[in-house]
Amino acid sequence: MISRKSEREIQAMHEAGKLLASCHKEIAKMIKPGITTMEIERFVEKFLAENGATPEQKGYQGYKYATCASINDEICHGFPRETPLKNGDIVTIDMVVNLHGALADSAWTYAVGEIDDEKKRLLEVTEKALYKGIEQAVIGNRIGDIGHAIQSYVEGEHFSVVRDFTGHGIGDKMHEDPKILHYGQPGKGVRLKEGMVITIEPMVNIGAWQSKMDNNGWTARTIDGSLSAQYEHTLAITKNGPLILTKQD
Ligand code: MF3
Ligand code: CO
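Just so we're clear, the structure is a prediction, and the values are computed from it rather than from any experiment. Residue positions are given per chain, counting from 1 as you read along its sequence in written order. Both sets of labels track the order of writing: A upward for chains, 1 upward for ligands. Where local features are concerned, this predicted model is filtered to residues with pLDDT of at least 70; where side-chain atom pairs are given and counted, the filter is 80 or more; whole-chain, interface and lining totals use all residues. Side-chain calculation: all heavy atoms of the structure are included, whereas hydrogens and water are not.

A closer look at the coordination of the cobalt ion (ligand 2)
Stage number 1. The protein atoms donating to the cobalt ion (ligand 2) are Asp94 (OD), Asp94 (OD), Asp105 (OD) and Glu232 (OE), with metal-donor distances spanning 2.0 to 2.7 Å.
Stage number 2. Considering all six donor atoms around the cobalt ion (ligand 2), angles at the metal cover 52 to 175° and the coordination shape is irregular.
Stage number 3. Each metal's donors are the N, O and S atoms within 2.8 Å of it, or within 3.2 Å when it is Na, K or Ca, and because water is not part of the set, sites may look incomplete. Read in sequence order, the donor residues coordinating the cobalt ion (ligand 2) give the pattern D-x10-D-x126-E. Here the residue aspartate 94 occupies a position in strand β4 (residues 90–99), and aspartate 105 occupies one in strand β5 (residues 102–111), the gap between them amounting to 11 residues.
Stage number 4. Residue burial is assigned from relative accessible area. The probe radius is 1.4 Å, only protein chains are included, and a residue is buried under 20% of its type maximum, exposed over 50%, and partly exposed in between. Residue classification places aspartate 94 among the buried positions, given a relative accessible area of 9%.
Stage number 5. We classify aspartate 105 as buried; its relative accessible area is 3%. In these descriptions, tetrahedral denotes four donors with every angle between 85 and 135 degrees, square planar four donors and octahedral six donors with opposite donors over 155 degrees apart and the rest between 65 and 115, and irregular any other case. Helix and strand assignments come from DSSP, with helices taken as H or I runs of at least 4 residues and strands as E runs of at least 2, each series counted from the N terminus.

A word on the packing of aromatic side chains
Stage number 1. Ring pairs are drawn from Phe, Tyr and Trp, using the six-membered ring of Trp, whenever the two centres fall within 6.5 Å, and their geometry is named by plane angle: stacked under 30 degrees, edge-to-face over 60, tilted for the rest. All told, the structure shown has six aromatic pairs when counted by the stated rule.
Stage number 2. Geometrically, the ring pair formed by tyrosine 63 and tryptophan 218 is edge-to-face, given 4.9 Å between the ring centres and 70° between the ring planes. Here tryptophan 218 lies in the loop between β11 (211–213) and β12 (220–222) and tyrosine 63 lies in the loop between β1 (53–55) and β2 (67–71), a separation of 155 residues in the sequence.
Stage number 3. The class of tryptophan 218 is partly exposed, set by a relative accessible area of 21%.

A closer look at the pairing of strand β14 (residues 233–238)
Stage number 1. Buried residues dominate β14, accounting for six of its six residues.
Stage number 2. Every second residue of β14 is oriented toward a common face, with His233, Leu235 and Ile237 on one face and Thr234, Ala236 and Thr238 on the other, all of them buried.
Stage number 3. In this analysis, strands are considered paired if DSSP registers two or more bridges between them. Summarising the sheet, β14 and strand β15 (residues 241–244) pair through four bridges and their orientation is antiparallel. When the bridges of β15 are listed, isoleucine 237 appears paired with proline 242.
Stage number 4. The antiparallel hairpin formed by β14 and β15 contains two residues in its connecting segment.

Here we look at the pairing of β4
Stage number 1. For β4, the tally of buried residues reaches 10 of 10 residues, placing the bulk of the element in the interior.
Stage number 2. The two faces of β4 match: Ile90, Thr92, Asp94, Val96 and Asn98 on one face and Val91, Ile93, Met95, Val97 and Leu99 on the other face are all buried.
Stage number 3. Sheet analysis places β1 next to β4, joined by three bridges and oriented antiparallel. Across the sheet, residue threonine 54 finds its bridge partner in β4, namely asparagine 98.
Stage number 4. Across five bridges, the pairing between β2 and β4 is antiparallel. For threonine 67, the partnering residue across the bridge sits in β4 and is methionine 95.

A few points about the sheet that holds strand β3 (residues 74–76)
Stage number 1. Taken in spatial order, the three strands of this open sheet run β3-β12-β11, and their pairing is antiparallel. Edge positions in the open sheet fall to β3 and β11, since each of these has one partner strand only. Taking the axes of each pair of neighbouring strands and ignoring which way they run, one obtains an average angle of 40° across the sheet.
Stage number 2. Here β11 runs beside β12; their pairing, made up of three bridges, is antiparallel. Axes here refer to lines fitted to C-alpha atoms; in helices the fit is confined to the stretch in contact. Angles between the N-to-C directions go from 0 to 180 degrees.

As for the state of the cysteines
Stage number 1. In plain terms, two cysteine sulfur atoms within 2.5 Å form what is called a disulfide here. Per the stated rule, a full pass over the model turns up zero disulfides.
Stage number 2. For cysteine 68, which is in no disulfide, the shortest distance to another cysteine sulfur is to cysteine 76 and amounts to 7.4 Å.

A short note on the pattern of salt bridges
Any two side chains of opposite charge can pair, so long as their charged atoms come close to each other.
Stage number 1. Here a salt bridge means any side-chain nitrogen of Lys or Arg lying within 4 Å of a carboxyl oxygen belonging to Asp or Glu. What the rule picks out here adds up to 15 salt bridges.
Stage number 2. In this structure, lysine 18 and glutamate 15 form a salt bridge, with 3.5 Å as the shortest nitrogen-oxygen distance. One end of the pair is lysine 18 and the other is glutamate 15, both in helix α1 (residues 7–30) and three residues apart, which spans about a single turn.
Stage number 3. Here lysine 46 makes a salt bridge to glutamate 50, at a shortest N to O gap of 3.4 Å. On the criterion of helical spacing, the pair formed by lysine 46 and glutamate 50 is a turn pair, its members being four residues apart in helix α2 (residues 37–50). Of the two residues, lysine 46 and glutamate 50, neither departs from the other in class, the shared state being exposed.
Stage number 4. Shared partners join several salt bridges into a network, and the residues in it are Asp73, Glu74, Arg81, Asp214 and Arg221.

With respect to the site of ligand 1
Stage number 1. Being near a molecule or strand, for a residue, comes down to having at least one heavy atom within 4 Å of it. The full set close to ligand 1 counts 14 residues, and Gln57, Asp94, His168, His175 and Glu201 are the nearest of them.
Stage number 2. Under this definition, polar contacts are N or O atom pairs within 3.5 Å; protein pairs additionally need one hydrogen-donor-capable and one acceptor-capable atom, and for neighbouring residues in sequence, both atoms have to be side-chain atoms. Histidine 168 places a side-chain nitrogen or oxygen 2.9 Å from an oxygen atom of ligand 1.
Stage number 3. Between ligand 1 and histidine 175 there is a distance of 2.8 Å, counted from an oxygen atom to a side-chain nitrogen or oxygen.
Stage number 4. Calculation on ligand 1 without its partners gives an accessible area of 340 Å², and the protein chains cover 97% of this total.
Stage number 5. Gly is placed with the polar residues, together with every amino acid not listed as nonpolar (Ala, Val, Leu, Ile, Met, Phe, Trp, Tyr, Cys and Pro) or charged (Asp, Glu, Lys and Arg). Within the shell around ligand 1, the residues separate by chemical class into six nonpolar, four polar and four charged. In short, Shrake-Rupley with a 1.4 Å probe defines the accessible areas, and a residue's cover is counted only from the protein chains shown.

So, in structure tokens, the structure goes:
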């Protein structure tokens, strides 16, 4: 079932999204060589509590943390840990904020210290791929239009799009229908309607798109050890076009 939200519901999710965006902006200032992803995890817990919000990922299907922290070749669902980040690493922090029952979901990849030109290009292309997808998130378009815009841009840049994880509808629950694929054919799939709220969250690899699962049953990493980046926004489909609820101004 695909739910459609009222303006009031979208407004509440927007408040959650603004808080999540401000949390990411604080994280951006913290990320430097020597910091651990467990310190970021603790910061997020404290930041959300101070702002009357809760971390929706904690306890979700047994997941133990407020954040996912995926380093270098980890694609998604890395665990926060006590290992210090090193100069030249890239790290994706993903979290879902619950503010008075309204949810928002956003992931961002950060450079640790100085990164080389290939990593810079990976981050730039992945972020741009997110916005190429968002551009297509208009009433009357189909989900395949989003996926196709992302895939054709990323592959044109000689990177690959992960297929084992998708974006999703979001509402009362973190994951609702429909699945938002980051690859596909234009004109195919579910039609986008006013009031739908979805995430678009392309994961882009320098090498092959395939992933493998760690023994912890959560963390996915690239099959060839190549680096992976991800940018994710929550957005509403509105009469005035896509409204990004997790925008970092
Ligand atoms: N935030 C993730 C998403 O983009 C979900 C993380 S899974 C969890 O869909 F278990 F960590 F919550
Ligand atoms: Co997310």
